[in-house]
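The lines below spell out each chain.
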Amino acid sequence: MAVGLMDIKGQYAELQERIESAVLDVLRGGRVILGPNVKAFEGEAAAYLGTAGAVGVANGTDGLTIALRALGVGPGDEVVTVPFTFYASVEAIAQAGARPVFADIRPDTLNMDPDKLDAAITARTKAIMPVDLFGLPADVDAVKAVAATRGIPVVEDACQAWGATYKGRHAGSLGDLAVFSFFPTKNLGGFGDGGLVTGHDGDLLQTVRELRFHGSKDKKAFTSIGFNSRLDEVQAAILRVELEVVDAWNARRAQVATWYDAHLPREVLRPCVPEGSTHVYHLYVMRHPRRDAIAAACRDRQVDCAAYYVTPCHLQPVFAEMGHLPGDFPVTDAAAAQNLALPMHPNLTEEHVEEVAAAVAAGLG
Ligand SMILES: Cc1ncc(COP(=O)(O)O)c(C=O)c1O
């Protein structure tokens, strides 16, 4: 039985009539840029997350860049983030004009290690950006505790974590600003690109709102160099439909994760979910030193799998001038060498999971 990593078509089929009707309403309504669906989605998203507001942007990468710019980050500044993340987290820092500085991750959660922050912070540090990797919130309170002693704001990269919770609060409500991506493979995913910036400070959110529209409040006076980066009305209409089911989809993902936890061979390291957090399993990522053999066995049995961030950000060619070497961030190096994402979506059955687990066991020999 072939098992796919994701199931965008299956998730679409479940909502087909409602999505198509919402999209047709947009096409027939004639309001296609910053129309009623973007406004309504921003309100519904903020209510869901428990934030003062939310601002739709064109994608998560722009959202991170705009969030940093809204906080005043620019040339000459440094922003601390993790090396084990999708490249866009780091790219956004450079796009804002700042220099990315890395702090290693924790071996259990694979999220930013607050104990490594002190060594990464300098007088130039203007923001800290933890990432809620694979759908598990970072330990943002511990990051904030370090940041607060120096008055440094925190931007939460929540791109992979719609619906996850941390100490009773939603991912995306934990930093001074937070950012989501609605890339189609995300738990809450559009049918194209999309993103959202969220936060608790109305003035900061207003700056974000202006930056997404060329640095203007009224389309007449342009007060800063901004972006043309708006959430598309069609995507917003689709996301409003998905917002109604995303908790149920996340619950089904969590059920799939419990099946994996039960059926995978004992020697495989499972994702860690700390007390007080919930994981939404954007990806279910196992770890084992013999990752490549396991991946080969999965492919032999038509089980989709993928290793993530195999070349972590600090070793990417574009950052060669930083002079980082393997070994600089040993926890990241190990995660990059050992991780393997297994099929994860709301439509998997226990039978599928047993098939995947059998493939993993075959890879272990
Ligand atoms: C952790 C992380 N940060 C940033 C991004 C960038 O989002 P987008 O692809 O919407 O620009 C993504 C997703 O692709 C991501 O996974």
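Remember, it's a predicted structure, so these values are computed and weren't measured experimentally. (Residues numbered from 1 in each chain as written. Predicted model: local features only at pLDDT ≥ 70, side-chain atom pairs only at ≥ 80, totals over all residues.)

What about the overall build of the protein?
Here is step 1 of the chain: Check the secondary structure of the protein and you find twelve helices and twelve strands.
Here is step 2 of the chain: In terms of C-alpha radius of gyration, the protein reaches 20 Å, essentially the compact-globule figure of 21 Å for 365 residues.
Here is step 3 of the chain: Dimensions along the principal axes, computed over C-alpha positions, put the protein at roughly 65 × 55 × 35 Å.
Here is step 4 of the chain: Residue pairs in contact within the protein that sit at least 24 positions apart in sequence constitute 70% of those at least 6 positions apart. (Helix = DSSP H or I, 4+ residues; strand = E, 2+ residues; numbered from the N terminus. Rg over C-alpha atoms; globule rule 2.2 N^0.38 Å. Contact = placed C-beta atoms within 7 Å.)

Structural notes on the environment of Tyr48
Here is step 1 of the chain: Assignment of secondary structure puts Tyr48 in helix H2 (residues 36-49).
Here is step 2 of the chain: Accessibility expressed as a C-beta count within 10 Å gives 19 for Tyr48, which makes it partly exposed.
Here is step 3 of the chain: Sequence spacing of Tyr48 and His170 is 122 residues, and the spatial spacing of their C-alpha atoms is 8.3 Å. (Buried ≥ 20, exposed ≤ 12 C-beta atoms within 10 Å, placed from the backbone.)

Here we look at the packing of helix H3 (residues 60-70) against helix H7 (residues 202-212)
A pair of packed helices is characterised by two quantities: the angle between their axes and the separation of those axes.
Here is step 1 of the chain: Put simply, H3 and H7 touch, their axes get as near as 9 Å, and they point 125° apart. It follows that H3 is oblique to H7 by the angle criterion. You can see that H3 and H7 cross each other, and the crossing is right-handed. Along its contact with H3, which presents Ile66, Ala67, Arg69 and Ala70, the element H7 presents Leu204, Thr207, Val208, Leu211 and Arg212.
Here is step 2 of the chain: Split into classes, the residues belonging to the contact of H3 with H7 amount to six nonpolar, one polar and two charged. (Axes fitted to C-alpha atoms, helices over the stretch in contact; angles between N-to-C directions. Parallel < 35°, antiparallel > 145°, perpendicular 65-115°, else oblique. Left-handed = near helix turned anticlockwise from the far one by under 90°. Nonpolar A, V, L, I, M, F, W, Y, C, P; charged D, E, K, R; others polar.)

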